[in-house]
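Results of the structural survey
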Amino acid sequence: MKNSKIAVVTGAGSGIGRAVALELLGAGWSVALAGRRPQPLEETSRLAPQAPEGSADSQGTGASIAVPTDVSQPDEVAALFAATVARFGRVDLLFNNAGTFGPGGVPVEELPYDAWRHVVDTNLNGAFLCAQAAYRQMKEQDPRGGRIINNGSVSAHAPRPHSVAYTATKHALTGLTKSLSLDGRPYNIAVGQIDIGNAATDMTERMRTGALQASGELVPEPVMDVADVARTVRHMAELPLEANVQFATVLATAMPYVGRG
């Protein structure tokens, strides 16, 4: 599509990743949809609004490709970016979104090492591998540069009970964001982070009925429309590279975050 910007969205088969991919597609971006399972990626593609037949409007709906990818595997990440560039020619945006909470409700002393490692490999190592691949492409393309938006969490600031692996990786992601942002300056690569709280997805459905609090109580928590998160990511993505939202926090207004713990 003429003048379309190109995005890679990881974890695009569901939840926040799907919502962001659809928001970008509807705004005329072309998007590489990445995730472990092909079927949800194809479903995301089918849900995208369709451009009118024969339309050449650069502001119309963008194109998409589905690239099954395990972000914890370097070869698969390299293949994702190679496929994106082969189809669209460049990468203007990486939304580093793929992540997992790990087993819920498990005390730290009972958390299996394999479960810890899976969360770290996905949330932190996967984010690094994707950012590294994006850097390599953005440095060399013409015009040079691009943007990376990392999906943090309010857990990058305050933990929930029994969330040691998830919380540790989200705190680490903040350090990754800051370091990438600094190192990207000479190459016109802008890097920011969005910290999200209680967006309505399958992952947060349990919060409507009761989420464990620091007091040990189970308390229902409010959620917000995931589309509001997607619009925020799009705003960050569409800023000129001379401007950057370094950190943004978007959350359900009444969720127990300020004052949590």
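This structure is a prediction, so every number in the text was calculated from the model and none was measured.

**Focus on unusual backbone geometry**
Note the cis peptide between Asp 142 and Pro 143, where omega equals 0 degrees. Mapped onto the elements, Pro 143 comes out in the loop between helix 4 (113-140) and strand 5 (146-151).

**Digging into the packing of aromatic side chains**
If you walk through the whole model with that rule in mind, you get 1 aromatic pair. The interplanar angle of 40 degrees and the centroid separation of 4.9 Å between the aromatic rings of Phe 101 and Tyr 166 together place this pair among those described as tilted. Here Phe 101, found in the loop between strand 4 (93-96) and helix 4, pairs with Tyr 166, found in helix 5 (residues 164-184); they are 65 residues apart in sequence, far enough to count as distant. The residues Phe 101 and Tyr 166 share a single accessibility class, namely buried.

**Looking at the sheet that holds strand 1 (residues 6-10)**
Spatial ordering of the open sheet is given by 3-2-1-4-5-6-9, a layout of 7 strands whose pairing is parallel. One side of each edge strand has no neighbouring strand; the edge strands of this open sheet are strand 3 (64-68) and strand 9 (247-251). On average, adjacent strands in this sheet sit at an angle of 15 degrees to one another, irrespective of strand direction. Sheet analysis places strand 2 (residues 30-35) next to strand 3, joined by 5 bridges and oriented parallel. Looking across to strand 3, one finds that Val 31 is bridged to Ser 64. Strand contacts of helix 3 (residues 74-88): strand 1, strand 2, strand 3 and strand 4, with the helix running at about 160 degrees to strand 3, the strand carrying the most contacts. Sheet contacts for helix 5: strand 5, strand 6 (189-197) and strand 9; angle to strand 6, the most-contacted strand, approximately 160 degrees.

**Some details on the side chain of Gln 193**
One can find Gln 193 in strand 6. Looking at Gln 193, its side chain comes within polar contact range of the side chain of Asp 195, at 2.7 Å. Sequence-distant contacts of Gln 193, defined by excluding residues within four places in its chain, comprise Asn 150, Gly 152, Ala 156, Leu 173, Thr 174, Thr 177, Met 236, Val 245, Gln 246, Phe 247 and Ala 248.

**Considering the environment of Arg 147**
Position of Arg 147 among the secondary structure elements: in strand 5. Under the relative-accessibility criterion, Arg 147 is labelled buried at 2%. Each C-alpha atom of the pair Arg 147 and Leu 25 lies 17 Å from the other, and the pair is 122 residues apart in sequence. Residues within four places of Arg 147 in sequence aside, it is in contact with Asp 92, Leu 93, Leu 94, Met 138, Ala 190, Met 236, Ala 237, Leu 239, Pro 240, Leu 241, Ala 243 and Asn 244. Looking at Arg 147, its side chain comes within polar contact range of the main-chain oxygen of Ala 243, at 3.2 Å. Within the local environment of Arg 147, its side chain forms a polar contact with the side chain of Asn 244, the two groups lying 3.1 Å apart.

Conventions and cut-offs
- Sequence positions are assigned chain by chain, starting from 1 and proceeding in written order.
- Predicted model: local features are reported for residues with pLDDT of at least 70 only, side-chain atom pairs are reported and counted for 80 or more only, and whole-chain, interface and lining totals are derived from all residues.
- By convention in this description, side-chain values take in all heavy atoms of the structure and omit both hydrogens and water.
- To qualify as a helix, a DSSP run of H or I must reach at least 4 residues; to qualify as a strand, a run of E must reach at least 2; elements of each kind are numbered from the N terminus.
- Two aromatic rings from Phe, Tyr or Trp, using only the six-membered ring of Trp, form a pair when their centres are within 6.5 Å; if the ring planes differ by under 30 degrees the pair is stacked, by over 60 it is edge-to-face, and anything between is tilted.
- Working definition: with a 1.4 Å probe on protein chains only, accessible area under 20% of the residue-type maximum means buried, over 50% means exposed, and in between means partly exposed.
- What makes two strands pair is DSSP finding at least two bridges between them.
- Lines fitted to C-alpha atoms define the axes, with helix axes restricted to the stretch in contact, and inter-axis angles between N-to-C directions lie between 0 and 180 degrees.
- Residues are treated as being in contact if the distance between any of their heavy atoms lies within 4.5 Å.
- Distance and chemistry together define a polar contact, namely a pair of N or O atoms within 3.5 Å, with one atom able to donate a hydrogen and the other to accept it when in protein, and with adjacent residues in sequence counting only for side-chain atoms on both sides.

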